[in-house]
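# A closer look at the structure
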Amino acid sequence: MSKPLNIGMIGYGFMGRTHTNAYRQVNKFFDLEYQPVLKACCARKEEKIKPFAENWGYESYETDWRKLIARHDIDLIDIGSPNNTHKEIVLAAAAAGKMVLCEKPLAMDVAEAKERCAAIEKAGVANMVWFNYRRVPAITLAKQLVDEKRVGKPFHYRATYLQDWTIGQDVPQGGAALWRLDAKVAGSGVTGDLLAHSIDTAEWLNGPIRSVVAKTETFVKQRMHAETGKVEPVGIDDACMFLAVFENGSMGTFESTRYARGRKNFNTFELNGETGSLFFDLEDPQYLDYFKYADPKSGEKVEDHLTGWQRIHVTNSEHPYMDKWWVPGCTIGYEHTFTNALSDFLKSLEEGQPPVQPDFRSGLRTQMVCDAVLASAKEGKWVDVADFG
Ligand SMILES: NC(=O)c1ccc[n+]([C@@H]2O[C@H](COP(=O)([O-])OP(=O)(O)OC[C@H]3O[C@@H](n4cnc5c(N)ncnc54)[C@H](O)[C@@H]3O)[C@@H](O)[C@H]2O)c1
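Fair warning: this is a prediction, and the values are worked out from it, not measured in the lab. (Residues numbered from 1 in each chain as written. Predicted model: local features only at pLDDT ≥ 70, side-chain atom pairs only at ≥ 80, totals over all residues.)

Our next topic: the overall build of the protein. Broken down by element type, the protein carries 10 helices and 17 strands. For 389 residues, the compact-globule estimate of 2.2 N^0.38 gives 21 Å, and the protein sits close to it at 21 Å. Each principal axis of the C-alpha atoms in the protein carries an extent, and together these give about 65 × 55 × 40 Å. Split into buried and exposed, the 389 residues of the protein put 47% on the buried side. Of all intrachain contacts in the protein linking residues separated by at least 6 positions in sequence, the fraction that spans at least 24 positions is 69%. (Helix = DSSP H or I, 4+ residues; strand = E, 2+ residues; numbered from the N terminus. Rg over C-alpha atoms; globule rule 2.2 N^0.38 Å. Buried ≥ 20, exposed ≤ 12 C-beta atoms within 10 Å, placed from the backbone. Contact = placed C-beta atoms within 7 Å.)

On to the sheet that holds strand β7 (residues 154–162), then. One open sheet accounts for 9 strands, arranged β16-β15-β14-β13-β7-β12-β11-β8-β17; its pairing is mixed. The sheet terminates laterally at β16 (309–313) and β17 (383–384), the two strands that pair on one side only. Pairing of strand β14 (residues 276–281) with strand β15 (residues 287–292) involves 4 bridges; the strand directions are antiparallel. Each bridged residue has a counterpart across the sheet, and for Gly276 the counterpart in β15 is Lys292. (Pairing = 2+ DSSP bridges.)

Moving on to the sheet that holds strand β3 (residues 60–62). Within a sheet, adjacent strands bond to each other through the backbone by hydrogen bonds, running parallel or antiparallel. If you walk across this open sheet you meet the 6 strands as β3-β2-β1-β4-β5-β6, and the pairing is parallel. The two strands at the open ends of the sheet, each matched to only one other strand, are β3 and β6 (127–129). Averaged over neighbouring strand pairs, the angle between their axes works out to 25° when direction is ignored. Sheet topology note: the strand β5 (residues 99–102)/β6 ladder contains 3 bridges and is parallel. Paired with Cys102 across the two strands is Val129, which belongs to β6. (Axes fitted to C-alpha atoms, helices over the stretch in contact; angles between N-to-C directions.)

Now for the domain arrangement of the protein. Domains assigned within the protein are domain 1 (3–130) and domain 2 (133–379). With 33 residues of domain 1 in contact, the opposing surface of domain 2 contributes 35 residues. Breaking the side of domain 1 that touches domain 2 down by element, the ones donating at least two residues are α1 (14–29), α5 (110–123) and β6. Here the element with the most residues in the side of domain 1 that touches domain 2 is α1; it accounts for 8 residues. Split into classes, the residues belonging to the side of domain 1 that touches domain 2 amount to 21 nonpolar, 7 polar and 5 charged. (Domains from an automatic or database assignment. Nonpolar A, V, L, I, M, F, W, Y, C, P; charged D, E, K, R; others polar.)

Attention shifts here to the nonpolar core. With 99 residues, the main nonpolar core has Cys41, Cys42, Val100, Ala142, Leu195, Val212 and Val373 as its most contacted residues. When residues in this core are grouped by element, the largest group, 9 residues, is from helix α10 (residues 360–379). Two domains each provide a minimum of three residues to this core, namely domain 1 (3–130) and domain 2 (133–379). Contact partners of Cys41, with chain neighbours within four places excluded, come to Met9, Tyr12, Gly16, Ile49, Phe52, Ala53, Tyr58 and Tyr61. Counting 6 residues, the second-largest nonpolar core is a separate cluster that includes Trp179, Leu181, Ala186 and Val234. (Core = buried A, V, L, I, M, F, W, Y, C linked by C-beta atoms within 7 Å.)

Attention shifts here to the environment of Pro154. Position of Pro154 relative to the elements: it lies in strand β7. C-alpha separation for the pair Pro154 and Gly249, spaced 95 residues apart in sequence, amounts to 7.9 Å. Once you skip the residues sitting within four places of it in the chain, Pro154 turns out to touch Asn206, Asn248, Ser250, Leu271 and Gly273.

In this section: the environment of Ala53. With respect to the helices and strands, Ala53 occurs in helix α2 (residues 46–56). Those residues in contact with Ala53 that sit more than four places away from it in its chain are Cys41, Tyr58, Ser60 and Tyr61.

Take the pairing of β5 next. Here β5 shows a buried face lined by Met99 and Leu101 and a second buried face lined by Val100 and Cys102. Pairing geometry for strand β4 (residues 76–79) and β5, over 4 bridges, is parallel. Looking across to β5, one finds that Leu76 is bridged to Met99. Once you follow β4 into helix α4 (residues 86–95) and on to β5, the crossover reads as right-handed. The handedness of the β5 to β6 crossover, carried by α5, is right-handed. (Right-handed = clockwise from strand over helix to strand, strands pointing away.)

Looking at the ligand, there are 23 residues lining it, with Gly11, Gly13, Phe14, Met15 and Glu103 nearest. Ranked by residue count, the leading element in the shell around the ligand is α1, at 3 residues. Residue classes in the shell around the ligand are distributed as 11 nonpolar, 8 polar and 4 charged. Residue assignment places the shell around the ligand across two domains, with domain 1 (3–130) and domain 2 (133–379) each supplying three or more. (Near = placed C-beta within 6 Å.)

Residues three or four positions apart in an α-helix share a direction because the helix packs 3.6 residues into each turn. Maximum bend of helix α8 (residues 190–206): about 40°, positioned at Ala196. The buried count for α8 comes to 17 of 17 residues, which makes it a mostly enclosed element. Looking one or two residues past α8, Gly207 carries a phi angle of roughly 85°, positive in sign. (Bend = angle between axes of the 7 residues up to and from the residue.)

As structure tokens, then:
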């Protein structure tokens, strides 16, 4: 039986497009009861949101998110606007009893994240944070291999998230598209924007991080602000590196920057365990590299003259999500990770408990690690993540 689910999408930018594409595609590929209906989208400027609504097939549009939330014909509010707008929208949507899908990072800081999480849980509404990388089939497969104990006792987790688009001194801060450089809007720099993804993936695969020590750097100290036209101090971290100790005793290194010339979205991780290792690179997303040292069941060593890293082309129908897409050997891309995530959310509505992950509580957990990292960088010492809960 088909159940319509009326969507109210906030933002028409990068994420406005990826999410809307997912709403349009999900029922074409996944067999689901819930059928998203593109009821309304919202942004402040009519001249921007009207053509977006027409292009993507929304039935209507609003220029004030409060009006969108007040509408009785909207079931779900999807937040694809900059980080400083998430708070008020989440609180109002939860109070109105709407389901909430929120872009990452969940909040500007942990205090806000806690408030939001409490509001959502009090309202008892379905929710999810769009940490879409969990739905890259190769990363979901990595999780499956960890759960199947193919990595064994973990020793090391190593993550990088590198880009290069803010190196120029003349890149302004603030305003459309460049709000990520303005700390008042973004909350932090690469820590909240990029490392939040790395931390979410790391904790999903390797369990909670216990403590961290970090160093951040702001290479360009002043930039022209696009809205005021004045040169203003830059408050974000351009780069951040941190060491981590996981609850399971393994050690982690994390590095993120927007100053790695030539790196565009170099989001990688490697996990080294007693019986195997895993490696993934988002710039080569259809592959998962696996090194098998011992059989996961017998523990027997399999090392011989053929031992070596195995490159798994994650496109077979037995791989996560891939039976819903094309024939083996044909790849899917970035946009499909949002459709995969949405399908899991809609499935969880159908099936009730347990709630889909990552939910707001999981987003709060990532925020705790981000806050611990930034506090450590300020204080120059190891800090416990639990102190930020
Ligand atoms: N999951 C991911 O991989 C991923 C990738 C990129 C961005 N994000 C997150 O998504 C969010 C949006 O990022 P983006 O890259 O799409 O930004 P963007 O600048 O491309 O788009 C932001 C949109 O928000 C709208 N907006 C701004 N203020 C608003 C307000 N008060 N009311 C209504 N609309 C408003 C803008 O008009 C624009 O349409 C951020 O929280 C960001 O961290 C997540």
